[in-house]
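Report on the structure
The chain contents come next:
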Amino acid sequence: SAFNQYCGLLLQNCGLASSRNKLAHQISISLGRDAYHLAKLIPNLANILGLEMRVNHDEGCTNPQKRLQYLLCRFVEVISSTFAAPVT
């Protein structure tokens, strides 16, 4: 996915380490434990956050599609507020 590639670029570029750490911090603040659910879909995000994906944290959700939509929107908001310029 495009988000996984984006996170992969952040991981590969050593010059972006401080930006990567800032992103991880902002995601943790904005999404809290729900970041795990996004990290299941975006493996490079799991690496940025330092999450172990072996543990199953699935809990019941009445509308998983809306939850995923909400999490993706929050993720985009965090990215857009964390970086002053696009990462290339």
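Here, the structure is the one placed above.
Residues numbered from 1 in each chain as written. Predicted model: local features only at pLDDT ≥ 70, side-chain atom pairs only at ≥ 80, totals over all residues. Heavy atoms only, no water.

1. Thoughts on helix α5 (residues 64-82)
Rule in force here: Numbered from the N terminus, helices here are DSSP runs of H or I no shorter than four residues, and strands are runs of E no shorter than two. What a helix should span is 1.5 Å times the count of its residues minus one. Partly exposed describes any residue whose relative accessible area lies between the buried limit of under 20% and the exposed limit of over 50%, with all areas from a 1.4 Å probe on protein chains only and scaled to the type maximum. When we speak of the arc, we mean the arc of directions from the helix axis to the C-beta atoms. Should any heavy atoms of two residues lie within 4.5 Å, those residues are considered in contact.
For α5, which comprises 19 residues, the first-to-last C-alpha distance of 27 Å matches the rise-based estimate of 27 Å (1.5 Å per residue) to within 8%. For α5, every residue scored as buried is listed here: R67, L71, F75, V78, I79 and T82. Take α5 and look down its axis: the buried residues cluster within an arc of 110 degrees, on one side only. The outward face of α5, more than 90 degrees from its buried face, is lined by the exposed residues Q65, K66, Q69, S80 and S81. Where α5 is buried, its residues meet α1 (2-12), α2 (17-31), α3 (35-41) and α4 (43-49).

2. Brief notes about the packing of α1 against α5
This is how the line gets drawn: For every element, the axis is a line fit to its C-alpha atoms; helices are fit only across the contacting stretch, and the angle between N-to-C directions ranges from 0 to 180 degrees. Left-handed describes a crossing whose near helix is turned anticlockwise from the far helix by less than a right angle; the clockwise case is right-handed. Residues were grouped as follows: Ala, Val, Leu, Ile, Met, Phe, Trp, Tyr, Cys and Pro as nonpolar; Asp, Glu, Lys and Arg as charged; and all remaining residues, including Gly, as polar.
Where α1 contacts α5, the two axes come as close as 13 Å, and the packing angle between them is 35 degrees. Here α1 runs over α5; the crossing is left-handed. Counted together, F3, Y6 and C7 of α1 and L72, F75, V76 and I79 of α5 form the full contact between these two elements. For the contact of α1 with α5, the per-class residue count stands at seven nonpolar, no polar and no charged.

3. As for the packing of aromatic side chains
What counts is decided by this rule: Any Phe, Tyr or Trp ring, taking Trp's six-membered ring, that has another such ring centre within 6.5 Å forms a pair; planes under 30 degrees apart are called stacked, those over 60 apart edge-to-face, and the others tilted.
Counted by the stated rule, this structure contains one aromatic pair. When the ring of F3 is compared with that of F75, the centres are 5.1 Å apart and the planes differ by 85 degrees; the resulting orientation is edge-to-face. Taken together, the residues span a long stretch of sequence, with F3 in helix α1 and F75 in helix α5 at a distance of 72 residues. Judged by relative accessible area, which is 0%, F75 ranks as buried.

4. So, the packing of α2 against α5
For clarity, the threshold we go by: Each angle is binned into one of four classes, with values under 35 degrees roughly parallel, values over 145 roughly antiparallel, values of 65 to 115 roughly perpendicular, and all other values oblique.
Running from N to C, α2 and α5 point in directions that differ by 140 degrees, and their axes come no closer than 10 Å. Comparing the axis directions of α2 and α5 gives the class oblique. As for the relative orientation of α2 and α5, their crossing is right-handed in sense. Residue-level contacts link S19, K22, L23, Q26, I27, S30 and L31 of α2 to L71, R74, F75, V78, I79 and T82 of α5. Residues of the contact of α2 with α5, tallied by class, amount to seven nonpolar, four polar and two charged.

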